[in-house]
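Spelled out, the chains give:
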Amino acid sequence: MTFQTRVVVVDDHPLVAEGIEAILESYDDIQVLATLSSGQQMIDRLDDLAPDVILMDLNMPGLNGLSATEMILERRPQTRVLMLSMHDTPEYISTALGHGAMGYVLKDVPTEEIKRAIDTVMGGERYLCTGAEGALAPILAGGREQLTNREQTILLQLAQGRSNKEVALVLDISVRTVETHRKNIKRKLGISSTAGLTRYALEHGVLQGTGVNS
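Each residue is numbered by its place in its chain's sequence as written, counting from 1. In keeping with the predicted nature of the model, local features appear solely for residues at pLDDT of at least 70, side-chain atom pairs appear and are counted solely at 80 or more, and the whole-chain, interface and lining totals rest on all residues. Each side-chain value is worked out from all heavy atoms of the structure, with water and hydrogens disregarded.

Asker: Hey, could you run me through the side chain of H99 in this one?
Answerer: Strands are runs of DSSP state E lasting at least 2 residues, helices are runs of H or I lasting at least 4, and numbering of each runs from the N terminus. By the secondary structure assignment, H99 is in the loop between α4 (90–98) and β5 (103–106). The contact definition used throughout considers only heavy atoms, calling two residues in contact when any of these lie within 4.5 Å. In this structure, H99 is in contact with L66, T69, E70, L73, N149, Q152 and T153, ignoring residues within four places of it in sequence.

Asker: Help me out: how do you make sense of the nonpolar core in this one?
Answerer: In a soluble, globular protein the nonpolar side chains are often hidden away together inside. For our purposes a nonpolar core is just a set of buried Ala, Val, Leu, Ile, Met, Phe, Trp, Tyr and Cys residues, chained together by side-chain atoms within 4.5 Å. Only protein chains enter the calculation, and the probe is 1.4 Å; a residue is then buried if its accessible area is under 20% of its type maximum, exposed if over 50%, and partly exposed in between. Ranked by internal contacts, the top residues of the largest apolar core, which has 61 residues, are L24, M42, L55, M56, Y104 and I118. With five residues, helix α3 (residues 65–75) is the largest single contributor of residues to this core. Apart from the residues lying within four places of it in its own chain, the contact partners of M56 are V10, M42, G65, A68, T69, I72, V81, L82, M83 and L84.

Asker: Teacher, can you tell me more about the pairing of strand β2 (residues 30–36) here?
Answerer: It is a general feature of regular strands that their side chains alternate between the two faces of the sheet. Strands pair, by our definition, only if DSSP identifies at least two bridges between them. Relative to β2, strand β1 (residues 5–10) is paired through six bridges, and the arrangement is parallel. Looking at the pairing, R6 lines up with Q31 of β2. Note on handedness: a crossover is taken as right-handed if, strands pointing away from the viewer, the path from the first strand over the helix to the second is clockwise. Handedness of the crossover is the feature at issue here: the chain leaves β1, passes through helix α1 (residues 14–24), returns alongside β2, and the resulting connection is right-handed.

Asker: Sorry if this is basic, but what is going on with the pairing of β1 here?
Answerer: Most of β1 sits inside the fold, with five of its six residues counted as buried. Here four bridges tie β1 to strand β3 (residues 53–57), and the two strands are oriented parallel to one another. Bridging from a neighbouring strand, V8 pairs with I54 of β3.

Asker: Which parts of the structure should I look at to understand the side chain of S85?
Answerer: Residue placement: S85 occurs in strand β4 (residues 80–85). Classification of S85 by relative accessible area gives buried; the value is 3%. Dropping the residues within four chain positions of it, S85 is found in contact with L58, Y104, V105, L106 and K107.

Asker: Sorry if this is basic, but what is going on with the packing of aromatic side chains here?
Answerer: Two measures describe an aromatic ring pair: the distance that separates the ring centres and the angle between the ring planes. Any pair of Phe, Tyr and Trp rings, taking the six-membered ring for Trp, is counted once the centres come within 6.5 Å. Such a pair is stacked with planes under 30 degrees apart, edge-to-face with planes over 60 apart, and tilted for the rest. In total, this model carries zero aromatic pairs according to the counting rule given. Lying over the aromatic face of Y27, K115 brings its terminal NZ or CZ to 5.2 Å of the ring centre. Here, a charge over a ring is recorded when the distance from Lys NZ or Arg CZ to the ring centre is within 6 Å and its angle to the ring normal is within 35 degrees.

Asker: Explanation requested: the sheet that holds β3 in the structure shown.
Answerer: Paired through backbone hydrogen bonds, the strands of a sheet run either parallel or antiparallel to each other. Reading across from one edge, β2-β1-β3-β4-β5-β6 is the order of the six strands in this open sheet, with parallel pairing throughout. At either end of the open sheet lies a strand with only one pairing partner, and these are β2 and β6 (127–128). Sheet topology places β4 next to β5; four bridges connect them, and they run parallel. Its bridge partner being in β5, M83 is matched across the sheet by Y104. Axes here refer to lines fitted to C-alpha atoms; in helices the fit is confined to the stretch in contact. Angles between the N-to-C directions go from 0 to 180 degrees. The strands touched by helix α2 (residues 39–49) within the sheet are β1, β2 and β3, with β2 carrying the most contacts at an inclination of about 140°. Of the strands in this sheet, β3 and β4 are in contact with α3, which crosses β3 at around 155°.

Laid out in structure tokens, this is it:
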């Protein structure tokens, strides 16, 4: 019996999700468990679907792909997340990898590249779309003490204008925990105001792919 990699496709554009599903279903060693339209749907169904690989759209309304990826990996660290995007700039790719994605795939890549990406991450290696190999440098290093994945996620939430309480609700953590992370982020980045955090996020590509424009 052929081992099947269990895959979920998460994209808020039905035609994209259905197209990828049709491609993957043509392979005997891949089983598409579901196509979902939001990061929150993936979080809600994570335990019952228990996928090996998630193809995750980067830019979705509500819970975007970056935040969803971190929440998924906290609950199921064995799951591999491949980020789907239309953007091939180093900032997008580095930010996705910084949030725990095992790979980054452009939506317009050839069919065989999506399959190759899945096989690669299932083998425990990172996969970067063609031409993206130079994007491995962490986007938030900058010579300072580097932010943790959780701090990057909270920075993204704060830079989108959410309050500590709203961030706590989205990430399912306490307000006190958000406040502690917020202080650590400001200390590491040498920034004293929320406006400064937003400006930093814009300048370093943290908000790219989230629907927030500079």
